[in-house]
Amino acid sequence: MTLKIACIGAGYVGGPTMAMIAHKCKDIEVTVLDINEERIAAWNSDRLPIYEPGLEEVVFACRGKTLFFSTECEKKVAEADVVFISVNTPTKTRGVGAGYAADMTYWEGAARMIAKVSHSPKIIVEKSTVPVKTAQAVERVLSNNVLNDGARFDILSNPEFLAEGTAIKDLENPDRVIIGGRQTPSGLKAIQTLKDVYAQWVPEEQILTSNLWSSELAKLAANAFLAQRISSINSISALCEKTGADVSEIAKCIGADSRIGPKFLNASVGFGGSCFQKDILNMVYICRGLGLQEIARYWESVVTINNLQKRRFVDIVISSLFNTVRGKKIAILGFAFKKDTGDTRETPAIDVCNGLLDEGANLAVYDPQVTEERMKTDLSLDKFEWDHPYTQRKAKEVDDHIECCDSVYKACEGAHAVCILTEWDEFKTLDLKKIYDSMVKPAFIFDGRNVVDGKHAKEVGFVFYGLGKPLDPFLTDPSSPCSP
Ligand SMILES: NC(=O)C1=CN([C@@H]2O[C@H](COP(=O)(O)OP(=O)(O)OC[C@H]3O[C@@H](n4cnc5c(N)ncnc54)[C@H](O)[C@@H]3O)[C@@H](O)[C@H]2O)C=CC1
Ligand SMILES: O=C(O)[C@H]1O[C@H](OP(=O)(O)OP(=O)(O)OC[C@H]2O[C@@H](n3ccc(=O)[nH]c3=O)[C@H](O)[C@@H]2O)[C@H](O)[C@@H](O)[C@@H]1O
């Protein structure tokens, strides 16, 4: 009999992870479900709803054969043997725990629907990142709401570790897969069923099994550790700028220690993305609830440093431009939270742009993957509101001060300064002379991702700021002559 998998939530995780299962397991029928009709229509079209290198090839190879996208949530869940839940779990914006706790509304809605429509035994897989002990809450919602004889549930935790921009590579060749479940005969059987799915392409020794709570907490801990590394190197970048040390050299020196390792040591204008901040704040909330106040403070400082890094960047831009950006055109290169994605959730560009808009700047933004509508919406929302469609509002003033450009050169024409906020590869090979010639002088580059060759930029005539690099004398002392 063909195993039937349904996945509730056709987002950045549900779409690619299910596409990979369908691609690798020809004996499994996979249906990805969503209440968002537009999203499902896009998954069924030639233009997929998310940009991810290699995703089209995987989806187009198995769509209509072993992979299906549908809005018939109840019907497909009723038919499935295994149901993944991959809905969004954003930070709460109001009520108890606002600004920290995960909003479990979408999650609970999915669990209640499963209970309502199920007639047969099912394995329920937590794919979303959830607070530790969520599986217990799901078990309670399910067991108290079963309407039909024959329904019985085993809950597994199977957190996802893919990173956007490399999702297909990460899914095809994961460092590890974690499956947590109850250590009972039926829980262990459910773990084995899911293990057999992944074992079709992941080496068995990389499929780690654990109890439910370890698996749930491992996901939050992994994101906290990764984000902590970025805040650590970013804190060093501030120290570098004050001392003449170079953060890239430091990263190389410390990364050569095999106990530290070279990855995730790129200083930046701040980490973004839908998860790092959300998951750390969620962990902070959990710690507080358990009376672990010092531990909560320790992890919250990772977010504090990240906020400081974005503010520091804005302050350097403003102070360098003679303490005023009012009415000045500033080119923003890159709006996505990292390269190779069109995703703007919690992108540092939002905070930097808002900081400059607050000071009266006019922004000309270029990003190869982010639409004008997306940018303007992002800049009109309050913190955390992006994942709460019903509270969204539009601010008109954003329209008057943001111009979205279809090329770097258009964005930079007539600008006083260029801010690089995403590390898109095309920014490494810009014609700096052409850009310089089209700008107001002195012309500034503020490189928040260290992608531009600073030496070359200075030779061309720019006043150049590289994050965590020794400061251009013009920036420490605006009366000194512009380099070269
Ligand atoms: N984005 C990422 O790279 C990663 C995200 N995660 C976690 O995975 C989860 C999902 O994240 P994303 O895919 O980025 O979110 P997303 O917002 O892109 O997708 C979630 C989808 O679930 C749908 N949905 C919500 N409630 C539903 C319901 N009751 N029935 C059917 N569909 C429903 C929404 O319409 C939305 O399309 C989150 O918990 C996140 O923390 C984990 C690893 C990586
Ligand atoms: O739970 C999640 O959502 C995912 O979060 C991150 O993945 P993602 O946010 O997609 O991308 P990352 O590559 O981790 O980058 C996150 C942010 O950190 C920044 N970053 C990353 C690395 C670095 O050295 N410096 C740095 O500033 C990036 O530019 C980006 O803004 C984790 O890497 C994934 O393992 C995890 O599954």
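Residues numbered from 1 in each chain as written. Chains lettered and ligands numbered in written order. Predicted model: local features only at pLDDT ≥ 70, side-chain atom pairs only at ≥ 80, totals over all residues. Heavy atoms only, no water.

- Per an unreviewed UniProt entry, the chain goes by UDP-glucose 6-dehydrogenase and derives from Chloropicon roscoffensis.
- The Pathway (unreviewed entry) comment attached to the chain in UniProt states, word for word, "Nucleotide-sugar biosynthesis; UDP-alpha-D-glucuronate biosynthesis; UDP-alpha-D-glucuronate from UDP-alpha-D-glucose: step 1/1." (UniProt positions renumbered as here; feature names shortened; annotations may be inferred.)

**Details of the sheet that holds strand S5 (residues 121–126)**
Right, so step 1: The 8 strands lie next to each other as S3-S2-S1-S4-S5-S6-S7-S8, forming an open sheet whose pairing is mixed. Edge positions in the sheet fall to strand S3 (67–70) and strand S8 (207–210), since each of these pairs with one other strand and no more. Direction aside, the axes of adjacent strands within the sheet are offset by 25° on average.
Right, so step 2: Note that strand S1 (residues 3–8) and strand S4 (residues 82–85) share 4 bridges and pair parallel. Along S4, the bridge assignment pairs Ile-8 with Ile-85. (Pairing = 2+ DSSP bridges. Helix = DSSP H or I, 4+ residues; strand = E, 2+ residues; numbered from the N terminus. Axes fitted to C-alpha atoms, helices over the stretch in contact; angles between N-to-C directions.)

**Examining helix H13 (residues 348–358)**
Right, so step 1: Most of H13 is tucked away: 8 of the 11 residues are buried.
Right, so step 2: At the exit of H13 stands Gly-360, carrying a positive phi of roughly 90°. (Buried < 20%, exposed > 50% of the residue type's maximum accessible area, 1.4 Å probe, protein only.)

**So, the site of ligand 1**
Right, so step 1: With respect to spatial proximity, 24 residues lie near ligand 1, and among them Asp-34, Arg-39, Thr-89, Glu-164 and Lys-278 are the closest.
Right, so step 2: Residue Tyr-12 places a main-chain N or O atom 3.0 Å away from an oxygen atom belonging to ligand 1.
Right, so step 3: For ligand 1, an oxygen atom lies 2.6 Å from a polar atom in the side chain of Asp-34.
Right, so step 4: Calculation on ligand 1 without its partners gives an accessible area of 830 Å², and the protein chains cover 91% of this total. (Near = heavy atom within 4 Å. Polar contact = N/O pair within 3.5 Å; in protein donor to acceptor, adjacent residues only side chain to side chain. Areas by Shrake-Rupley, 256 points an atom, 1.4 Å probe, with all protein chains shown as cover.)

**Overview of the site of ligand 2**
Right, so step 1: Not every one of the 20 residues close to ligand 2 is listed here, only the nearest: Phe-161, Leu-162, Ser-268, Cys-275 and Arg-449.
Right, so step 2: The contact in question runs from an oxygen atom of ligand 2 to an N or O atom on the backbone of Leu-162, over 2.7 Å.
Right, so step 3: Considering each element in turn, the shell around ligand 2 owes the most residues, 4 residues, to helix H9 (residues 212–243).
Right, so step 4: Split into classes, the residues belonging to the shell around ligand 2 amount to 11 nonpolar, 4 polar and 5 charged.
Right, so step 5: When residues of the shell around ligand 2 are sorted by domain, at least three fall in each of domain 1 (3–210) and domain 2 (276–466). (Nonpolar A, V, L, I, M, F, W, Y, C, P; charged D, E, K, R; others polar. Domains from an automatic or database assignment.)

**Things to note about the pairing of strand S13 (residues 444–447)**
The two faces of a sheet get side chains in turn, since along a regular strand they alternate between them.
Right, so step 1: Neither face of S13 is left uncovered, since the one carrying Phe-444 and Phe-446 and the one carrying Ile-445 and Asp-447 both have all their residues buried.
Right, so step 2: One ladder, built from 4 bridges, connects strand S12 (residues 417–420) with S13; its direction is parallel. Bridge pairing links Cys-419 to Phe-446 in S13.
Right, so step 3: In this view, the connection linking S12 to its parallel neighbour S13 by way of helix H17 (residues 432–437) has right-handed handedness.
Right, so step 4: Bridge count for S13 against strand S14 (residues 463–466) is 4 bridges, and the pairing is parallel. Within the sheet, the bridge partner assigned to Phe-444 lies in S14 and is Val-463.
Right, so step 5: Read as a crossover between parallel neighbours, the route from S13 over helix H18 (residues 454–460) to S14 is right-handed. (Right-handed = clockwise from strand over helix to strand, strands pointing away.)

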